[in-house]
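Tertiary structure, described
Each chain is listed here by its residues.
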Amino acid sequence: MKNEMRLTLRCVPSNVAVARIAVATFAASLGFSVSEIEEVKVAVSEAVSNAVLHAYPDGEGEVTVWARTGEDGPLGTELVVEVEDAGVGIPDIAKAKEPGYSTIPEHMGLGLSFMESFMDSLSLESAPGKGTTVRMVKRPCRQ
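The following refers to the structure shown. These figures come from a predicted structure and were not determined experimentally.

So, the overall build of the chain
- Summing up its helical and strand segments, the chain has four helices and five strands in all.
- Per-residue burial for the chain yields a buried fraction of 43% across its 143 residues.
- Counting contacts in the chain only where the partners sit at least 6 residues apart, residues at least 24 apart contribute 65% of the total.
- Total accessible area on the chain is roughly 7,700 Å²; 54% of this is exposed by carbon and sulfur atoms.

Below you can see the structure in the form of structure tokens.
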């Protein structure tokens, strides 16, 4: 059965955990192992943290986290997660994807690298002044 969940949260640090737990709970019913769910939690945390840190430098804003079921596979149903903001956007996506690049000097700049390594696919859409959408897909692979 197809299912979906959508959360719209204030873009504040404490809501990173809310998003992480909500998506992990949603994913738990789709055939993922405990270690795969941990990977999903890290990826969601990084995506929401990026919105909190970068999307709204002048203060208030929202982040929407959408989790839904995707294609059915032999080991379960894939998870599709989108994290969207209407913030300042990313002027250079290729640069942002470089490991170690961050616009905040005290940060490691590995969030997108973690998302890419823990999920089966990652796409990033962004335009200056129009916000950012991170789309991630995870397929169960436990034996």
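Focus on the nonpolar core
- Grouped together as the largest cluster of nonpolar side chains are 36 residues, with contacts concentrated most on Val23, Val48, Leu79 and Met136.
- Those elements giving two or more residues to this core turn out to be strand 1 (4-10), helix 1 (14-28), helix 2 (34-55), strand 2 (62-73), strand 3 (76-85), helix 4 (111-118), strand 4 (121-127) and strand 5 (131-138).
- In terms of residue count, helix 2 provides more of this core than any other element does, nine residues in total.
- Sequence-distant contacts of valine 48, defined by excluding residues within four places in its chain, comprise Asn15, Val16, Ala19, Val63, Val65 and Val83.

So, the packing of aromatic side chains
- Going through the model one piece at a time under the given rule, you end up with one aromatic pair.
- Pairing phenylalanine 114 with phenylalanine 118 gives two aromatic rings, centres 6.2 Å apart and planes at 25°, and the pair type is stacked. Here phenylalanine 118 and phenylalanine 114 lie together in helix 4, a separation of four residues that amounts to about one turn.
- The partly exposed category is assigned to phenylalanine 118, whose relative accessible area is 25%.
- Its end group placed over the ring of tryptophan 66, arginine 6 keeps NZ or CZ at 4.7 Å from the ring centre.
- The aromatic ring of tryptophan 66 is capped on one face by arginine 68, whose charged end is 4.1 Å from the ring centroid.

Reading guide: rules and limits
Residues numbered from 1 in each chain as written. Predicted model: local features only at pLDDT ≥ 70, side-chain atom pairs only at ≥ 80, totals over all residues. Heavy atoms only, no water. Helix = DSSP H or I, 4+ residues; strand = E, 2+ residues; numbered from the N terminus. Buried < 20%, exposed > 50% of the residue type's maximum accessible area, 1.4 Å probe, protein only. Contact = heavy atoms within 4.5 Å. Areas by Shrake-Rupley, 256 points an atom, 1.4 Å probe, with all protein chains shown as cover. Core = buried A, V, L, I, M, F, W, Y, C linked by side-chain atoms within 4.5 Å. Phe/Tyr/Trp six-rings, centres within 6.5 Å; stacked < 30°, edge-to-face > 60°. Lys NZ or Arg CZ within 6 Å of the ring centre and 35° of its normal.

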